[in-house]
Amino acid sequence: VGLVRGLRQPAAIDTLAVLPFLNAGNDPAAEYLSDGITESLIGDLARLPGLRVKSRDAVFRYKGQPKDVGAVGRELGVRAVLRGRLAESAGELSITVELVDARDSNLLWTEQYKRKGGELLAVEGEIAGEVSRRLRPGVTATEQQQLVRRPTESAPAYQLYLRGRQAWWRRTEEALKSSVELFNQAIEQDPGYARAWAGMADSYNMLAAYGVLPPRDAFPRAKAAAQQALELDDSLAEPHASLGRARTEYDWDWAGAEREYRRALELNPNYGTAH
């Protein structure tokens, strides 16, 4: 059960940065968890109407470099900052989060969670839900439900997905190949996990873009994975953008690619990769 402290109602905050969560245990094996919860919260909160959320690229330059919230707010042009700490020990998670007004460094909301490792998805949903209530008190029940819904009920699949995304962001040949294997394992755990299929599409797109695989091998696989993700959940921005990239670089289908990119941005206007 979380402990809520020091609440204050913000005034019309419409911009937010989610800073990389600190790996408080300094365990390299847990780095994918601290990075993963950050990326997931960015993606979830970016879907809130009227809230502009800074992309992963914008905020991850602060990883491992503690900085004054006011300075971060000025540099990124945001009114609020969400930051946190995560530690894992013997299968137990300890997560502390703070939502801070970047103008005056006043605390808007803070909470501490102590949960089993397999409950990370549930904690993320609770954090996203609380932030939405603080910053968007008028959010509808449907929007709130969409925000906190779980993309999978399989904790192993989710952890494999987070490892896959961490590998995908590294952009080395070895890491990209590893990301394919990790997304494959996530799909084996939960074949209906749309985000894992979208991750697979992104990996094959990058394997072609970096010359690791021939385009004729990589792009058809990327398209197939993106289409499978959309069959499972056509409300996700990621597979639309993935499909757009493959249609651009492999099919030279400019109109089809544009439709996919525009649809991705309709679903998530803050999705930096689609832009």
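Remember, predicted model here, so these are calculated numbers, not experimental data. (Residues numbered from 1 in each chain as written. Predicted model: local features only at pLDDT ≥ 70, side-chain atom pairs only at ≥ 80, totals over all residues. Heavy atoms only, no water.)

### Quick look at unusual backbone geometry
Now for step 1: Despite not being glycine, Ser 105 has its phi angle at roughly 65°, a positive value.
Now for step 2: Looking at the element boundaries, Ser 105 is found in the loop between strand E5 (92-101) and strand E6 (107-116).
Now for step 3: You can call Ser 105 partly exposed: its relative accessible area is 40%.
Now for step 4: One non-glycine residue, Arg 171, adopts positive backbone phi at about 65°. (Helix = DSSP H or I, 4+ residues; strand = E, 2+ residues; numbered from the N terminus. Buried < 20%, exposed > 50% of the residue type's maximum accessible area, 1.4 Å probe, protein only.)

### Focus on helix H10 (residues 237-251)
Now for step 1: An ideal rise of 1.5 Å per residue puts 21 Å on 15 residues; H10 measures up with 20 Å between its terminal C-alpha atoms.
Now for step 2: Buried within H10 we find Ala 237, Glu 238, Pro 239, His 240, Ala 241, Ser 242, Leu 243, Gly 244, Ala 246 and Arg 247.
Now for step 3: On its buried side, H10 packs onto helix H8 (194-209), helix H9 (215-232) and helix H11 (254-267).
Now for step 4: Residue Trp 252 follows H10 closely and has a positive phi angle near 55°. (Expected span 1.5 Å × (residues − 1). Contact = heavy atoms within 4.5 Å.)

### Describing the nonpolar core
Now for step 1: Among the nonpolar cores identified, the biggest contains 76 residues, and Leu 16, Leu 45, Leu 82, Ile 95, Leu 120 and Ile 127 are the most heavily contacted of them.
Now for step 2: Counting six residues, the second-largest nonpolar core is a separate cluster that includes Ala 237, Ala 241, Ala 264 and Ala 274. (Core = buried A, V, L, I, M, F, W, Y, C linked by side-chain atoms within 4.5 Å.)

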